[in-house]
Amino acid sequence: KGKLFYDYTVRVLKLSDEAITVMRDMEQARGQLVLGSIEATALKDLPKLLADYHRSYPDVMLSLQTDMNDVFLGQVLSRKLDGAFVSGPVAHPEIEETFFKHEELILVGGVHEGEADAASVLAQAPLVTFPEGSAFRRRLELLLSSRSLPYVERLTVLNSLGAMIANISAGIGCGYLPRSIVQPYIQNGTMVEYPLDDPFSAFDVVFIHRKDHNLDAAFRYFLDAVKADI
């Protein structure tokens, strides 16, 4: 009974602290926001969003961390993060998600690959991808499995998007990455795209947070910024 009462006490005190914070900071944005994001979105889309928010609300301390997609749901649920940008949809009863952007994965390789087509690349080429837990890797595996292609022995696993781009540009392997990230490399002749009929390429990036997250000014205004950036 003592342990049960203690658990309730911790929850009541936490809720009381949140209520005090929300009432005090209903209009003035201050405090800290700890955010997470898949790396591609962090590199391509968040610098301007975070910079604009910081200019508007300089009293809010922002921090951003990147990781594999599947890590973030648990971190948001456990309140280690205020929110995260992930590949959606996220079906969880305690999670609210806000659409952020459409994205498309494409198959790319270095210009050294010559005139290869998508079918031969998928069947034979070395493939550069993220570790398990990545939404991009999961979709690549679905694509390969749908064509009954063996791939495990051909995978080079890297946890850095920059390292993947360097390896692909050098012709060391091919990759399955967001168009918004690799399009500049295609345009400058560093990479080539292999068009293919692909039912797994399209996905949405969403911002997730707990439904019961305290709605102080710092968090409310950040949600507004996310929606305004769509």
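Residues numbered from 1 in each chain as written. Predicted model: local features only at pLDDT ≥ 70, side-chain atom pairs only at ≥ 80, totals over all residues. Heavy atoms only, no water.

1. Remarks on the overall build of the protein chain
Reasoning step 1: Across its full length, the protein chain holds 9 helices and 9 strands.
Reasoning step 2: Along the first, second and third principal axes, the C-alpha set of the protein chain runs to 65 × 45 × 25 Å.
Reasoning step 3: Within the protein chain, buried positions represent 44% of all 230 residues.
Reasoning step 4: Intrachain contacts of the protein chain at a sequence separation of at least 6 include 80% that bridge at least 24 residues.
Reasoning step 5: Accessible surface, the protein chain as shown: approximately 12000 Å² in total, 56% of it carbon and sulfur.
Reasoning step 6: Of the charged side chains in the protein chain, 22 are positive and 31 negative, and the gap between their average positions amounts to 7 Å. (Helix = DSSP H or I, 4+ residues; strand = E, 2+ residues; numbered from the N terminus. Buried < 20%, exposed > 50% of the residue type's maximum accessible area, 1.4 Å probe, protein only. Contact = heavy atoms within 4.5 Å. Areas by Shrake-Rupley, 256 points an atom, 1.4 Å probe, with all protein chains shown as cover. Lys, Arg positive; Asp, Glu negative; His and termini not counted. Charge placed at Lys NZ, Arg CZ, Asp CG, Glu CD.)

2. Thoughts on the pattern of salt bridges
Reasoning step 1: Tallied over the full model, the rule gives 13 salt bridges.
Reasoning step 2: Its salt-bridge partner being Arg138, residue Asp70 comes within 2.9 Å of it at the nearest N-O pair. Highlighted residues: Asp70 in the loop between β2 (60-66) and α4 (71-77) and Arg138 in helix α6 (residues 135-146), separated in sequence by 68 residues.
Reasoning step 3: The class for Arg138 is partly exposed, based on a relative accessible area of 37%.
Reasoning step 4: The shortest N-O distance in the salt bridge between Glu193 and Arg179 comes to 2.9 Å. Highlighted residues: Glu193 in strand β8 (residues 191-193) and Arg179 in helix α8 (residues 179-187), separated in sequence by 14 residues.
Reasoning step 5: In this structure Arg179 comes out as partly exposed when scored by relative accessible area, which is 25%. (Salt bridge = Lys/Arg side-chain N within 4 Å of Asp/Glu carboxyl O.)

3. Some thoughts on the packing of aromatic side chains
Reasoning step 1: Within this structure, the stated rule accounts for 9 aromatic pairs.
Reasoning step 2: The interplanar angle of 20° and the centroid separation of 4.9 Å between the aromatic rings of Tyr57 and Tyr221 together place this pair among those described as stacked. With Tyr57 in the loop between α3 (46-56) and β2 and Tyr221 in helix α9 (residues 217-228), this pair connects stretches of sequence that are 164 residues apart.
Reasoning step 3: Look at Tyr221 and you get buried, because its relative accessible area is 18%.
Reasoning step 4: An aromatic cluster is defined as three or more aromatic residues linked by ring pairs; in this entry it consists of Tyr53, Tyr57, Phe85, Phe100, Phe207, Tyr221 and Phe222. (Phe/Tyr/Trp six-rings, centres within 6.5 Å; stacked < 30°, edge-to-face > 60°.)

4. Topic: the nonpolar core
Reasoning step 1: Core analysis: the largest hydrophobic core is formed by 65 residues, its most contacted members being Leu49, Tyr53, Phe85, Phe136, Phe207, Ile208 and Phe222.
Reasoning step 2: At 8 residues, α9 tops the list of elements feeding residues into this core.
Reasoning step 3: Setting aside chain neighbours within four positions, we find Tyr53 in contact with Leu33, Val60, Leu62, Ala218, Tyr221, Phe222 and Ala225. (Core = buried A, V, L, I, M, F, W, Y, C linked by side-chain atoms within 4.5 Å.)

5. Examining the packing of α3 against α9
Two packed helices can be described by the angle between their axes and the distance between those axes.
Reasoning step 1: Packing of α3 against α9 brings their axes to within 11 Å, and their N-to-C directions diverge by 140°. As judged from the angle between their axes, α3 and α9 are oblique. Taken as a pair, α3 and α9 cross one another with a handedness that is right-handed. Across the interface between the two elements, Leu49, Leu50 and Tyr53 from α3 touch Ala218, Tyr221, Phe222, Ala225 and Val226 from α9.
Reasoning step 2: By residue class, the composition of the contact of α3 with α9 is 8 nonpolar, no polar and no charged. (Axes fitted to C-alpha atoms, helices over the stretch in contact; angles between N-to-C directions. Parallel < 35°, antiparallel > 145°, perpendicular 65-115°, else oblique. Left-handed = near helix turned anticlockwise from the far one by under 90°. Nonpolar A, V, L, I, M, F, W, Y, C, P; charged D, E, K, R; others polar.)

6. Things to note about α9
Reasoning step 1: Along its 12 residues, α9 runs 16 Å from first to last C-alpha, staying within 8% of the 16 Å computed at 1.5 Å per residue.
Reasoning step 2: By the burial criterion, the buried members of α9 are Ala217, Ala218, Phe219, Tyr221, Phe222, Leu223, Ala225 and Val226.
Reasoning step 3: In this structure, the buried side of α9 is in contact with β1 (31-37), α3, β2, β3 (83-88), β4 (95-110) and β9 (202-210). (Expected span 1.5 Å × (residues − 1).)

7. Digging into the environment of Ile168
Reasoning step 1: Among the secondary structure elements, Ile168 is positioned in helix α7 (residues 161-169).
Reasoning step 2: Relative accessible area serves as the criterion here: at 0%, Ile168 is assigned to the buried category.
Reasoning step 3: Between the alpha carbons of Ile168 and Val108 there is a distance of 7.6 Å; along the sequence they are 60 residues apart.
Reasoning step 4: With near-sequence residues (within four places) excluded, Ile168 lies in contact with Val108, Gly109, Gly110, Val128, Gly173, Cys174, Gly175, Leu177 and Met191.

8. Focus: the pairing of β9
Reasoning step 1: Counting buried residues in β9 gives 7 out of 9 residues, a clear majority hidden from the surface.
Reasoning step 2: Pairing analysis gives 9 bridges linking β4 to β9, with the strands arranged antiparallel. In the strand pairing of β9, Glu103 is matched with Phe203. (Pairing = 2+ DSSP bridges.)

9. Re the environment of Leu81
Reasoning step 1: Position of Leu81 relative to the elements: it lies in the loop between α4 and β3.
Reasoning step 2: Taking the C-alpha atoms as reference points, Leu81 and Ser63, separated by 18 residues in sequence, lie 9.8 Å from one another.
Reasoning step 3: If near-sequence neighbours (up to four positions away) are discounted, Leu81 is found in contact with Val34, Leu35, Gly36, Gln65, Phe72, Gln75 and Val76.

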